[in-house]
Amino acid sequence: MSAVKRQRHTLFLIVALALLLIVAVAPPLIQINRFRHRITNTIGAAIGRPVNADSVQFQLLPRPAIVLSNFVVAEEPAFGIEPMLQAPTVTAQIRLRSLWRGHLRVGRISLDDPSLNLTRSADGRWSLQKLLTTAAQATTKAENNQHVNDFPYIEATNARVNLKLGVEKTPFSLEDVDLAWSSESPRRWRVRLKGRPVRTDIELGDSGTLRIEGTVTGAQTLDDIQIDLNANWDRLQLGELTQLIRRTDAGWRGDIALDANVRGALRELNITTRARIFGLRRTEFVPATTFDPVMNCTAQFAHSTAKFHDAVCTLPVGENAARLEARGTVSLAAPFSGSDATIDLDAIPAAFLFDAVRHARQNLAQNLRAEGEVNGRFRWDGAAWHGSATLPLLTLSVSDNTAPIIINAVRVGVGDAPALASARPHKRRAQTKAARSSFAANTWHLDPVQIDLGASKPLTIDATASASGYTVRWSGAALWSRLMDMTELSQGLRGALRLHAFAPPKAGVPDADTEADADMDLTLRAPWVDAARTFQVLGALKARNLRVISPLLPQPVEIPNASVQFTAGQTLWSGVARYAGTRVEGEVRLPQHCADDSECIGHFAARAQKLDLAEAIAAGQPQSSQPIVSFLERLRPSSTGASWPNLSGSIRVGTFTAGSLVIHDADAMVQIAGRTATITAMNGRALGGGLTLEGLVNAKDQTPNYVLHFKLHHIDTSLAGTLFHANWNLGTGDIEAHLSASANRPESVAASASGDFQFDLQRGAIKSETTSLPFEDWSATGSIVDRKLTLTRSTMTRGAATLQVSGALGFDRGLQLHIGDGSDETLVTGTIETPVIHKP
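Every residue gets a number counted from 1 within its own chain, in the order that chain's sequence is written. Selection of residues for local features in this predicted model requires a pLDDT of at least 70, selection of side-chain atom pairs for listing and counting requires 80 or more, and totals for whole chains, interfaces and linings are taken over all residues. In computing side-chain properties, one takes all heavy atoms of the structure into account and sets aside hydrogens as well as water.

Caption draft 1: Representation of the state of the cysteines. The disulfide criterion used throughout: a pair of cysteine sulfur atoms within 2.5 Å. One pass over the structure, following the stated rule, counts one disulfide. Between the sulfur atoms of C297 and its disulfide mate C313 the distance is 2.1 Å. On the sign convention where negative means left-handed, the S-S torsion of about 115° between C297 and C313 marks this disulfide as right-handed. Of this pair, C297 sits in strand β14 (residues 294–302) while C313 sits in strand β15 (residues 307–317), placing them 16 residues apart in sequence. Here C313 falls in the partly exposed class, since its relative accessible area comes to 21%. What counts as a helix is a DSSP run of H or I of at least four residues, what counts as a strand is a run of E of at least two, and both are numbered from the N terminus. With a 1.4 Å probe rolled over the protein chains alone, any residue whose accessible area is under 20% of its type maximum counts as buried; one over 50% counts as exposed, and the rest are partly exposed.

Caption draft 2: Representation of helix α5 (residues 238–246) within the structure. Summarising burial for α5: seven of the nine residues are buried, a large majority. Among the residues making up α5, those that are buried are L238, G239, E240, L241, T242, Q243 and L244. Each element contacted by the buried residues of α5 is listed here: β8 (168–185), β9 (188–199), β11 (226–237), β12 (252–265) and β13 (268–282). Of the residues trailing α5, R247 is marked for its positive phi of about 80°. Residue contacts are counted whenever heavy atoms from the two residues lie within 4.5 Å of one another.

Caption draft 3: Examining the nonpolar core more closely. For our purposes a nonpolar core is just a set of buried Ala, Val, Leu, Ile, Met, Phe, Trp, Tyr and Cys residues, chained together by side-chain atoms within 4.5 Å. The biggest cluster of nonpolar side chains holds 136 residues, and the ones touching the most others in it are W474, W480, L483 and L541. L483 has contacts with W474, A478, L499, A518, M520 and L541, leaving out every residue within four places of it along the chain. Membership of the second largest hydrophobic core comes to 13 residues, among which are V216, I227, L266 and F301.

Caption draft 4: Fine view of unusual backbone geometry. In this model, N545 sits at a positive phi of 60°, which is unusual for a non-glycine residue. If you trace the backbone, N545 turns up in strand β26 (residues 536–548). Positioned with a positive phi, D665 is a non-glycine residue whose angle comes to about 50°. With respect to the helices and strands, the residue D665 is situated in strand β32 (residues 661–674). For D665, a relative accessible area of 47% corresponds to the partly exposed category.

Set out below in structure tokens:
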């Protein structure tokens, strides 16, 4: 290496070391902090606000910059004492080119974790107004001084924007804000913002991301500043939006995409929005289909009056270019009294309206089909709604197998009294007067409509609705099958009326001359929210010629007439029924609302002069069939899933016959649930004494289970013998037994029976053809198993002797008894009817 090259290499190393030394040592030696007040005063003069910083440092790498710590911009006193802007760190990067010219120019200002208070005063001014006009004036001055490109690039990361009204901070904020503000050309800035809207007083989920991008063109006055901004709010849930606005979840669900464009001078802005909601519904249920409305709106916003005027919103409907349109004025200062609106419905398909209601109301049948077109206009005048809408012809149906419900001349109005004349001419004057006094300004009403449901007179329906809920009135008559079609339109109505349990299926409709029908005068009330649990029905209904057909019964239950009273919380059925030749009177009380099916228990009371169990079991069966077998088969679970209703109540029968056993004045308490029937208590007179019985039939499993506990008090055993067509007399006394069995055929019941028994008989005798074995008292306890009653402890008193008795009595009435012991033992064999006594 030549000497010249070595010298150059050494000089380069010296210069490099000198530069590194300057970079390392120079910044701390530059006492820029002593200029802190001058720097903050200069910034304050530029923005028109007092500015303060705890410290100011000079940074050389990676680019020369001034770093201000705990940067604070004070608020104007008219907007409060809280600072307008606070930032832990503000970095102002210096333009190197300006240093060569002898000027200090800032190219980029970066704010880390700043907090900005956006305040609106009582007189409608905003705290940023002066900043915008100051920036505009500074731009004009820069143009005059030919410094048109000196506006710095301003950015903020992880910022927070708080909204204040006067001195009070509202709970509305923007969090995680990223902001960029740059000069696009002289007097024209580009702004980009991304943030997450939140409330500070509640915990929100995903409130989506708000993005704003566009340009701002400066002017000498605030009103002349021009803006052109595009906004997008996505990943927003409707439930979160209602919480953001109202603090509470309004119970709506759906994904929202909102796009908006704001353009024009601040004095009057042109606004265009497009809102799309995907899967709009109530939170209580998930509809079978989706509802995805799209609404487009345009409006002009006047800054001086804080009003949106010439606002027009359209909602496309159906495939025939039909749309629902609303127009009017909306005031931010007085949202209700200062606003007005007109809503036009022009050939809106009824199917669209019912589809919207189906996603808002769980009670409306999901398979409901509607045909017709709605026309009308509604107007809000700042205090109340006025107007009406009409459907010349409305057709409703829920399936192809049922006749549609056809309603003519449907009219819904608000702000005026309904046209009641067509419904009940003889009551026109009184009802019209009552309507005018009772309909509030914001009460909506359905004018009376008449529906032909096949009865001698039509069914008249009218309704009213307000913010709290709605009321529907039914008056008139209907064939029962058509009434069932009406209740199919609303699951809540069907659940509240509970009429289907008493209605026959289509195959069981009687002949035309005895077809079931009903007269009714009902009032139905429900709130808009949670109506499934609070749907209330009041009034009366009279039904005729009903049938109840159940797979659990071999024959229909005929109900010639019945009265139904609907009161708060319950439905009372009363009337006469016939089954298998037996006439039964009684009533059934059913709850209108239940938390679940297990708690939905009805209460009944039934009374009959006589009831033959064998006839009831064999009802409708061929003479050659085995009715008991058929009855037990019906108890078994089947593919139909039929279950007994949930009922609890009493049955009283003057004469109850079960084969040869006759019970007089039978009185039983019965509970029925699912596929389980329980006799909690039965009392009556039988066999010359009294009978007490408890029992259970459980048919939940494939093989039904039976439990029976009975007591016979002071019976005459000679009368018990007649049950088996036999002549015996074991005296009088008490008999008690506990039995359980599991079987689905009669022969299997006996084979599976088990349990225990006890008896205490007095003054009886075991008599054979040739001899007699009398006793004063015979008591015993024993077990029941293997088709026989086995004595476990038994004594018989004969005169002064007390004898031990052992042995068994078979279900075939066969005897094998040992009375006494040793040489005095007596053996009894044969049957109860013809015993054989073997004496020693």
